Amino acid sequence: MAKVREDSKKRDSSRFTFCSPSARGTSHVTLRAPSGTAPRKGGGGRGREGGDGRRRNSLTQTRRGGGRKDCILARLVPRARLSMTTIHWFRKGLRLHDNPALVAAIDENKELRPVFVLDPWFVRESRTGVNRWRFLAQTLVDLDTSLKQLGSRLFVVRGKPEEVFPKLFKEWNVEKMTWEVDTEPYARTRDEKIEKLSKEHGVKVVCKVGHTLYDTEKVIRTNLGKTPLTFQGLEGVLKKIGLPPKVVDRPTSLPEGCKISSEVASDPKYDPPTLKDLGVVESDLEPCLYPGGETEALKRLEKYMERKSWVRSFEKPKTIPNSLQPSTTVLSPYLKFGCLSCRTMYYRLLEVYGSKPSQIAQESLLGQLTFREMFYTVGATTANFDQMEGNAICRQIPWKRDEKMLEAWEFGKTGFPFIDAIMIQLRKEGWIHHLARHAVACFLTRGDLWQPWEDGMKVFEELLLDADWSLNAGNWMWLSASAFFHRYFRVYSPIEFGRKTDPHGDYIRKYIPKLKKFPDNYIYEPWKAPLSVQKAAGCIIGQDYPRPIVDHQKAREENLKRMGQAYQAGK
DNA sequence: TTACCTGTTGTGGGG
DNA sequence: CCCCCACAACAGGTA
């Protein structure tokens, strides 16, 4: 049976672990355009017919300023040159299933051109590590393949969106453009610019909500303009709204008018980027555990949904952070890029549960989706959400930035094997369990190192495959007891927390082979091992593996005091 | 005003 | 495996 909430309490929902891109910082890769990929000037290449005379006139009018002469001229121009195009702009939402904006772009009288823009901003300003670049590259290839099966393709273009699109509007004779709503700050500014440019070019824009279960603006309106800051608060609002919109069918074929010529379909200038194009040095990559793409996402979803009793009894807090194989679904990277629709997952879960959402516990997989929704909703309506300063919901805490502390944490050199193993797994594999994120986030901030949560967030942003801006910032505030969560005296022990679920330290031995030979009773605190034991293990602490960067008990106590003071000051 | 309840996921000890 | 408690005590909502 589905895990039903105890008693009459109505709770349900969830979120997927932490992260997404934001401003500042440096990327570790540079973008190189493949040779010969500069956008072709002038409208060549489109020999197909389409559209009707009336449409042509109105478009020509709008675009050229509406002069009467233009109308007459338009009638004289051969039809073929004036066939209309619709652009669907892929950003997130890198999928064909449940993609309302893509479906809105399908019009039998217009050629469909699905576009992905390799925006130099993302390359330079977003903190995207090699694992996530690889995931994106794989995702784009998968998307292109799926589109080709429909008689279309993915058009990957390089450049700033505000420079790319005006060129494409002219070159492709674009009449309409669709995209999925993105609530992140950079995306909003970008999309406003493109919407304005579209108007100037007479291009109609259609935006659809698809990355979140609900329209975040509608959620806020329903809550009378207030941003829900608790799970229960959000749940109450969602209950008023009802179920999220039904999933939209995946297009299984395209009308003839939407298809592109084989010449265009095989033009290499629009091909998805290779890893080299993205500046990724292949030798820097570890084996790929979570391949990107919609195909993989749906396969993974089904693999887990088949395990019905597992799904029904799933309780996030009871899953294991340090198992050798993931104890949760690892669907988060697919949700982040929109390879998997959260609504598809939502309704698939309801099928498996066989009960109403209100009967499903908040620790369930469905609950994780509601937490995701909460962070998206709050992130969409809170100024400076990804920083402490100027962030109205974030407690002001006098963190003390120390580069050495941050670096030790970031590269798994704190001397606490449990913490270091997690950070090493993160760097290598791009994914760590949600509770492992808790342990290292608490350790970096209020627990031990007293470093600003923003610094930790940026590291996650680079290294996580599922780095999702709203979730990352929200969870870092949560774990640092800066917002959402306030019981700061609950501190994860960097020693005991891991020991509960992995008493032999197999996880540590896997990711820190140097410590492999330590006996079980010292594996979580090897500095306590007598020198003879260290020698026997072939690993001298302070030489082959770092001494603990802080005394956990002392640091914890001191930080508790500081938290108390910060909370007092905030009143 | 005060008391109480609830809030996804602490630790360490005990039964 | 489960639950309970003390630890020392947060915010925000409700009665």
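For the structure, see preceding data.
On a predicted model such as this, the values are computed, not experimentally measured, just so you know. (Residues numbered from 1 in each chain as written. Chains lettered and ligands numbered in written order. Predicted model: local features only at pLDDT ≥ 70, side-chain atom pairs only at ≥ 80, totals over all residues. Heavy atoms only, no water.)

## Side note on the environment of Asp-502
Right, on to step 1. Residue placement: Asp-502 occurs in the loop between helix H21 (496-501) and helix H22 (506-511).
Right, on to step 2. Separated by 179 residues in sequence, Asp-502 and Ser-323 have C-alpha atoms that sit 7.4 Å apart.
Right, on to step 3. Excluding residues within four positions of it along the chain, Asp-502 makes contact with Asn-322, Tyr-507, Ile-508 and Tyr-524. (Helix = DSSP H or I, 4+ residues; strand = E, 2+ residues; numbered from the N terminus. Contact = heavy atoms within 4.5 Å.)

## Regarding the packing of helix H14 (residues 342-353) against helix H15 (residues 365-381)
Right, on to step 1. Running from N to C, H14 and H15 cross one another at 150°; their axes reach a closest spacing of 9 Å. Considered as vectors, H14 and H15 are oriented roughly antiparallel to each other. In this structure, H14 crosses over H15, and the sense of that crossing is left-handed. Touching Cys-342, Met-345, Tyr-346, Leu-349, Leu-350 and Tyr-353 of H14 are Leu-365, Leu-366, Leu-369 and Arg-372, all from H15. (Axes fitted to C-alpha atoms, helices over the stretch in contact; angles between N-to-C directions. Parallel < 35°, antiparallel > 145°, perpendicular 65-115°, else oblique. Left-handed = near helix turned anticlockwise from the far one by under 90°.)

## A word on the protein's contact with DNA strand C
Right, on to step 1. Close contacts around DNA strand C come from Arg-395, His-486, Arg-487, Tyr-488, Phe-489, Tyr-567 and Lys-571, and that covers them all.
Right, on to step 2. Sugar and phosphate atoms represent 75% of those atoms of DNA strand C found within 4 Å of the protein.
Right, on to step 3. Classifying every residue of the surface near DNA strand C by side-chain character gives three nonpolar, one polar and three charged. (Near = heavy atom within 4 Å. Nonpolar A, V, L, I, M, F, W, Y, C, P; charged D, E, K, R; others polar.)

## Comments concerning helix H18 (residues 434-447)
Right, on to step 1. Relative to the 20 Å expected for 14 residues at 1.5 Å per residue, H18 spans just 17 Å between its end C-alpha atoms, considerably shorter than the ideal helical length.
Right, on to step 2. A bend of about 30° at Ala-441 is the largest found in H18.
Right, on to step 3. Within H18, 14 of the 14 residues are buried, leaving the element largely enclosed by the surrounding structure. (Expected span 1.5 Å × (residues − 1). Bend = angle between axes of the 7 residues up to and from the residue. Buried < 20%, exposed > 50% of the residue type's maximum accessible area, 1.4 Å probe, protein only.)

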